[in-house]
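Geometric and topological summary
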Amino acid sequence: MSSPVTLVLPLEESLIDRFNNYPMVVKVTSEEQIGLAVDMASRQNQVEAVWMQDKRVMSDIRFHKELKHIPVVFHIEELGDFKELARFFGLLRESRYTFFFTLNSKNCTSVQILSSLGIHTGLDFSWNGEPDWDKLTDLAVYSAYNRIKHAPIEPFNCILKHYKLNSYTFFEEIYFFDPLKYLHLNKEGNAAFSNDQLVRNRFCNIALDRISEVACSYEARKVKESYRSHLLDFDKCSKCEAFRICKGIFKGLGESHEGCQMLFLELMDAA
């Protein structure tokens, strides 16, 4: 029986081979490493995904037909040369790839175009800049209501599928963040509850030989429920009708919360 915890870890053979029967998300830095990551992790474990973390220009990526069955998550800075990319549209429609774009106005348009072509795309909500709320809301409306067949757009697709009328909706797992499910490791074996915390060396108190117990730990539940701090502070986010979805993810982008509220209320109505 596999572990309920998915390990997110670098392409380090000595680290990967320390585990047995774990779902894994393997982080790579080049297309050439995708096949190697699958071969290495699948010897003793199960591959949930391969995560290409480096932000790319999408048209610069060289896609290989023999790898299209592998679930790969790419982080994209911009679309690039549309004509160059068009050569791969057939392959990308058939693949198990997901493309998360940096959150900005131009990329909202790129995501909509690719979705209309049947390519699974999304926006990276972990980016902490100022979104174009009108463009973002238009994209959410397209994702929810457009009757012409198109590929899923994240995180809207996840929100619409998992929305709960009387509870909180968690969509962050599409970014491999869920303290009760994902544990991020560096090559030394230090553990954190998110990639951001790992980069900042904010490690959690989880020993490698007790990883399977992480979902039951107080520390994991505390991180999962960190949104409750808004309720204790009784701030603007906690008083917003859409707080059950966004949970304050865009707090700190200025005093006005109207754009954020507009987006998530639209999604609540659609759900």
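Residues numbered from 1 in each chain as written. Predicted model: local features only at pLDDT ≥ 70, side-chain atom pairs only at ≥ 80, totals over all residues. Heavy atoms only, no water.

All right, on to the pattern of salt bridges then. Scanning the model with the defined rule gives ten salt bridges in all. With a shortest N-O distance of 3.1 Å, Arg-43 and Asp-17 are connected by a salt bridge. Residue Arg-43 is located in the loop between α2 (33–41) and β3 (46–57), and its partner Asp-17 is located in the loop between α1 (13–16) and β2 (23–28); the two are separated by 26 residues in the primary sequence. Overall, Arg-43 belongs to the partly exposed group, its relative accessible area being 46%. Ionic pairing is found between Glu-31 and Arg-56, a salt bridge with its closest N-O pair at 3.4 Å. Here Glu-31 is found in the loop between β2 and α2, whereas its partner Arg-56 is found in strand β3, with 25 residues between them in sequence. Owing to a relative accessible area of 11%, Glu-31 belongs among the buried residues under this scheme. Residue Arg-56 is classed as buried on the basis of its relative accessible area of 16%. (Salt bridge = Lys/Arg side-chain N within 4 Å of Asp/Glu carboxyl O. Helix = DSSP H or I, 4+ residues; strand = E, 2+ residues; numbered from the N terminus. Buried < 20%, exposed > 50% of the residue type's maximum accessible area, 1.4 Å probe, protein only.)

What follows is about the side chain of Ser-59. Of note, Ser-59 is situated in the loop between β3 and β4 (72–78). Looking at Ser-59, its side chain comes within polar contact range of the main-chain nitrogen of Asp-81, at 2.8 Å. Dropping the residues within four chain positions of it, Ser-59 is found in contact with Leu-79, Gly-80, Asp-81, Glu-84 and Leu-85. (Polar contact = N/O pair within 3.5 Å; in protein donor to acceptor, adjacent residues only side chain to side chain. Contact = heavy atoms within 4.5 Å.)

This paragraph deals with the nonpolar core. Ranked by size, the top nonpolar core spans 83 residues in total, and within it Leu-7, Phe-63, Phe-74, Phe-99, Phe-125, Leu-183 and Phe-264 carry the most contacts. Ignoring anything within four residues of it in the chain, the contact list for Phe-63 reads Met-58, Phe-74, Leu-85, Phe-88, Leu-91, Leu-92, Tyr-97 and Phe-99. (Core = buried A, V, L, I, M, F, W, Y, C linked by side-chain atoms within 4.5 Å.)

Taking 1.5 Å per residue as the helical rise, helix α6 (residues 133–145) with its 13 residues ought to reach 18 Å, and the 18 Å between its terminal C-alpha atoms agrees with that figure. For α6, the complete set of buried residues consists of Trp-133, Leu-136, Thr-137, Leu-139, Ala-140, Tyr-142 and Ser-143. Tucked inside the fold, the buried residues of α6 contact α5 (105–116), β6 (121–124), β7 (153–154), α7 (156–162) and α12 (258–270). (Expected span 1.5 Å × (residues − 1).)

As a further point, take the sheet that holds strand β9 (residues 191–192). Within the open sheet, the nine strands sit side by side as β7-β6-β5-β4-β3-β2-β1-β8-β9. Their pairing is mixed. Edge strands, defined here as strands with exactly one partner in the open sheet, are β7 and β9. In the packing of α2 onto the sheet, the strands contacted are β2, β3 and β4, and the crossing angle to β3 comes to about 155°. Its contacts with the sheet put α5 on β4, β5 (98–102), β6 and β7, and the angle it makes with β6 is roughly 160°. (Pairing = 2+ DSSP bridges. Axes fitted to C-alpha atoms, helices over the stretch in contact; angles between N-to-C directions.)

The geometry of an aromatic ring pair comes down to the distance between the two centres and the angle between the two planes. According to the stated counting rule, one finds 21 aromatic pairs in the structure shown. Relative to Phe-74, the ring of Phe-63 has its centre 5.9 Å away and its plane inclined at 75°; by these criteria the two rings are edge-to-face. Within this pair, whereas Phe-63 is found in the loop between β3 and β4, its partner Phe-74 is found in strand β4, the two being separated by eleven residues in sequence. One aromatic cluster is present, built from ring pairs that chain together Phe-125, Trp-133, Phe-156, Phe-171, Phe-250 and Phe-264. Lying across the ring of Phe-170, Lys-224 places its NZ or CZ 4.3 Å from the centre. Its guanidinium or amino end placed over the ring of Phe-234, Lys-239 lies 5.0 Å from that ring's centre, counting from NZ or CZ. (Phe/Tyr/Trp six-rings, centres within 6.5 Å; stacked < 30°, edge-to-face > 60°. Lys NZ or Arg CZ within 6 Å of the ring centre and 35° of its normal.)

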